[in-house]
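Listed below are the residues making up each chain.
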Amino acid sequence: MKSIYLCRRVFVLLVGLSLSFSSFQSVSVRAQARRQPPSSDQKKNKRPPEGQQTEEQKQEPVPTEILGKPQDAEKLSVTTNLVNVDAVVYNKKTGQPAIQLKQGNFAIFVDGVKKDITNFSTPEAPITITLVVEFSKLGETLGLYGNGGMEAGQMEVIRPMAMFLSNFITPADYVSVIAYDMRPTPITDFTNNPQRIQQTISLLLRNTPAFSETNLFDAIKLTLVGGRADSVVLEDSKEAKSDYAGMVSVPGGRRRAVLLVSSGLDTFSKINFDQARKVVQNSGIPIYIVGTSQMFQKKYGDQMDPGRGANIRGIPIDRMTFLQAANTLTTFAKESGGSFFPVTFEGELPAVLGSINAMLRSQYSLGFKPDDVADGKSHKIVVKVDVDGDGQYDDKAYVVKAREVYNAPKAGSAGSKAGSGKQ
């Protein structure tokens, strides 16, 4: 009897240990899914002491010209002594980009007045691009219902990101990746290291979204002008928060762009649409957008209440919400000089990403000095091109995609004085 009793006690003890271990694994997996960086008192993105390098820096030297200090939206609204305009020119009929143009082929008009082009660079310059990916439970749900449960819902946003990183980033280019849900989280800072790029793709494939909220406007602000954010996930940081340098810190000599993979939905960002729009206008950086949730809308849009009747992941969404989201993405793309591609089927992605890559590779960088005005108003920019050099602008045959506006500072602001830097 004693031996039977002892065996029972041992069996119960083993079962208890097994359950404890399973619970520990479950908690560990959930913690990893939230992508929370470790915390410590050491600063995250600081440079190593003089004469020393980290292992990552030894393998992957980042050029100093793409490192900059973080800025905020208030500073970006300041007009400075140079306005950058990135432009893409392509034939209306064939869609082929014009890639051998000179400075004399271009003209810039501000409020109808022609400006001298003071800076010019051709498409041979390398590309610095940030990929911004919506990675939320809301987006996961839309993707899951859109594909009929055939695969994980988050693949709708991971697939275009992975395809672009794998097929279109060259050794001369630099890329960073930001994933956002409740808040934007930098996954990797600027890199051209294939190993780091693969780590980025693998990280998102291994994890599932943690929050339903999708705060697009906050992600746009951090991407373009930088700020305080979660530490870069793939760096060995011991601090939870770090200063992040936005795309405006990248000099105009390099071609700059943002690739956004998003539904366009925003739940409760700290800034509103108008503020985000001003950040986009002032940055002068083209935003190319792959629109998601299109299949969900085609399947269920007609069944949705037009007036806040539906509820997805606890968030009220209706047909009007999706229309507003599409308008948001269209506006960001148009005013920044980029393009918006609403993608419904997976088979469309190669052509869409190929088009985006072609535009990136044929992007000219122009610059002009604005008038010394401090009216706090938006000023319209129009770029025209004379492809054959005959003195006539080729508006009927060619399309020029470029930013459409810049905002002058208000009188008495810091930027109304003799400014420095680039807008």
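Here the structure is a predicted model, which means the values were calculated and not measured.

Colleague: Tell me about the overall build of the protein, and name the residues and values.
Modeller: If you tally the helices and strands in the protein, you get eleven helices and 18 strands. Counting all 423 residues of the protein, 48% fall into the buried class. The contacts of the protein with a sequence gap of at least 6 include a subset with a gap of at least 24, amounting to 80%. Total accessible area on the protein stands at roughly 20800 Å², and carbon and sulfur atoms take up 54% of it.

Colleague: Go over the pairing of strand β15 (residues 363-368), please, and point to the residues and values.
Modeller: Across the six residues that make up β15, a large majority, six, are buried. The alternating pattern of β15 places Q363, S365 and G367 and Y364, L366 and F368 on opposite faces, both of which are buried. Bridge count for strand β1 (residues 83-91) against β15 is six bridges, and the pairing is antiparallel. Residue pairing across strands places V85 opposite L366, the latter belonging to β15. Where strand β4 (residues 117-121) and β15 come together, four bridges link them in antiparallel fashion. In the strand pairing of β15, F120 is matched with L366.

Colleague: Please set out the packing of helix α5 (residues 155-167) against helix α11 (residues 349-361) residue by residue, giving values where relevant.
Modeller: A pair of packed helices is characterised by two quantities: the angle between their axes and the separation of those axes. Their axes nearest at 11 Å, the elements α5 and α11 cross at an angle of 50 degrees. Here α5 lies oblique to α11, going by the angle between them. Crossing of α5 over α11 shows right-handed handedness. Of α11, the residues touching α5 (which contributes R159, P160, M163 and F164) are L349, P350, L353, I356 and L360. Partitioning the contact of α5 with α11 into residue classes produces eight nonpolar, no polar and one charged.

Colleague: Kindly report on the sheet that holds strand β6 (residues 174-180), identifying the contributing residues and their values.
Modeller: Taken together, six strands build an open sheet; the order of strands is β7-β6-β5-β10-β11-β14 and the sheet is mixed. Edge positions in the sheet fall to β7 (184-191) and β14 (339-342), since each of these pairs with one other strand and no more. Direction aside, the axes of adjacent strands within the sheet are offset by 15 degrees on average. In this structure, strand β5 (residues 127-134) lies alongside β6, joined through seven bridges in parallel fashion. Bridge pairing in β6 links T130 to S176. Contacting β5, β6, β7, β10 (255-262) and β11 (287-291), helix α7 (residues 216-225) crosses the sheet at an angle of about 160 degrees to β10.

Procedures and definitions
Residues numbered from 1 in each chain as written. Predicted model: local features only at pLDDT ≥ 70, side-chain atom pairs only at ≥ 80, totals over all residues. Heavy atoms only, no water. Helix = DSSP H or I, 4+ residues; strand = E, 2+ residues; numbered from the N terminus. Buried < 20%, exposed > 50% of the residue type's maximum accessible area, 1.4 Å probe, protein only. Contact = heavy atoms within 4.5 Å. Areas by Shrake-Rupley, 256 points an atom, 1.4 Å probe, with all protein chains shown as cover. Pairing = 2+ DSSP bridges. Axes fitted to C-alpha atoms, helices over the stretch in contact; angles between N-to-C directions. Parallel < 35°, antiparallel > 145°, perpendicular 65-115°, else oblique. Left-handed = near helix turned anticlockwise from the far one by under 90°. Nonpolar A, V, L, I, M, F, W, Y, C, P; charged D, E, K, R; others polar.

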